Amino acid sequence: MLKSFTTKQLMLGYAEGMQFIDTPGLLDRPLAKRNPIEKQAILALKHLATIIVFVVDPTESCGYQLSAQEELLKQVKTLFKRPIIVVLTKTDLATPDQITTARKTFGENTLKINTAEQKSIENLFSAISESVRAAQTAS
């Protein structure tokens, strides 16, 4: 089982001809109160990211309510002028009501993933590839 907020450093990976950086999670708090790991994540997003995949936990088992996750997304949008793909994770554990509420909060086009289903991972890679191509075309 995956545990929230266990990434302690930048994790690099490569797939589909792209480099991925898994950053430590950010918490909804002012920059001055963020720890060094969170600041490292912010620097990576600011200087390395072409796009951002923002992961939302509709079950709230990460310890943060949807409202706090929504507020953090607003901050990320303000800080980083990058395309953002919002992804609902843990959709295999979430109730239909939790998914509906999250989609109302974050938008109906929010991508749902279940890491146990290959098709949802393929859909995520496809959305990332399309977003990267669009970002490269725009620049």
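Our structure is the block above this text.
So, here is what we can say about the structure in this document. All values reported here derive from a predicted model rather than from experimental measurement.

Rules behind the numbers
- Residues numbered from 1 in each chain as written.
- Predicted model: local features only at pLDDT ≥ 70, side-chain atom pairs only at ≥ 80, totals over all residues.
- Heavy atoms only, no water.
- Helix = DSSP H or I, 4+ residues; strand = E, 2+ residues; numbered from the N terminus.
- Buried < 20%, exposed > 50% of the residue type's maximum accessible area, 1.4 Å probe, protein only.
- Contact = heavy atoms within 4.5 Å.
- Lys, Arg positive; Asp, Glu negative; His and termini not counted.
- Charge placed at Lys NZ, Arg CZ, Asp CG, Glu CD.
- Pairing = 2+ DSSP bridges.
- Expected span 1.5 Å × (residues − 1).
- Arc of directions from axis to C-beta.
- Salt bridge = Lys/Arg side-chain N within 4 Å of Asp/Glu carboxyl O.
- Phe/Tyr/Trp six-rings, centres within 6.5 Å; stacked < 30°, edge-to-face > 60°.

## Section: the overall build of the chain
Thought 1: Counting secondary structure elements, the chain contains four helices and five strands.
Thought 2: In the chain, the succession of α and β elements from N to C terminus is β-β-α-β-α-β-α-β-α.
Thought 3: Principal axes of the C-alpha set define a box for the chain whose edges measure 40 × 35 × 25 Å.
Thought 4: Expressed as a percentage of its 139 residues, the buried residues of the chain come to 35%.
Thought 5: Sequence-distant contacts in the chain: of pairs separated by 6 or more residues, those separated by 24 or more amount to 54%.
Thought 6: Charge separation in the chain, taken as the distance between the mean sites of 17 positive and 14 negative side-chain charges, equals 8 Å.

## Quick look at the sheet that holds strand β3 (residues 52-56)
Thought 1: Strand order in the open sheet formed by three strands is β3-β4-β5, and the pairing between neighbours is parallel. Both edges of this open sheet fall to β3 and β5 (111-112), since each of them pairs with a single strand only.
Thought 2: Pairing geometry for β3 and strand β4 (residues 84-88), over five bridges, is parallel. Looking at β4, one finds that Val55 is bridged to Val87.

## Looking at the pairing of strand β1 (residues 11-15)
Thought 1: Bridge analysis of β1 against strand β2 (residues 18-22) gives five bridges, and the strand direction is antiparallel. By the bridge assignment for β2, Ala15 is matched with Met18.
Thought 2: Hairpin connection from β1 to β2: two residues lie between these consecutive antiparallel strands, with Glu16 at a positive phi of about 55°.

## Quick notes on helix α2 (residues 66-79)
Helical geometry: 3.6 residues make up each α-helical turn, so side chains three or four residues apart lie on a common side.
Thought 1: Here α2 spans 20 Å end to end across 14 residues, near enough to the 20 Å set by a 1.5 Å rise per residue.
Thought 2: Leu66, Gln69, Leu72, Leu73 and Val76 are the residues of α2 that are buried. End-on, the buried residues of α2 take up no more than an arc of 120°, which puts them together on one face.
Thought 3: Elements in contact with the buried residues of α2: β3, β4 and α3 (96-106).

## What about the pattern of salt bridges?
Thought 1: Here the structure, examined in full by the defined rule, presents one salt bridge.
Thought 2: One salt bridge in this structure joins Lys90 and Asp57, with 3.1 Å as the shortest N-O distance. Linking Lys90 in the loop between β4 and α3 with Asp57 in the loop between β3 and α2, this pair joins segments that are 33 residues apart in sequence. Each of the two residues, Lys90 as well as Asp57, counts as buried.

## Regarding unusual backbone geometry
Thought 1: For Glu60, which is not glycine, the phi dihedral falls at a positive 65°.
Thought 2: Exposure remark for Glu60: the relative accessible area of 32% places this residue in the partly exposed category.

## As for the packing of aromatic side chains
Thought 1: Counting across every chain of the model gives one aromatic pair.
Thought 2: Here the aromatic rings of Phe20 and Phe125 are separated by 5.5 Å at their centres, their planes lie at 85°, and the arrangement is edge-to-face. Of the two residues, Phe20 sits in strand β2 while Phe125 sits in helix α4 (residues 118-138), which places them 105 residues apart along the sequence.

## With respect to the environment of Ala44
Thought 1: Tracing the sequence through the fold places Ala44 in helix α1 (residues 36-47).
Thought 2: When the C-alpha positions of Ala44 and Thr137 are compared, they lie 22 Å apart, and in sequence the two are 93 residues distant.
Thought 3: In this structure Ala44 touches Leu10, Thr23 and Ala49, once residues within four positions along its chain are discounted.

Keep in mind these numbers describe shape, not what the thing actually does.
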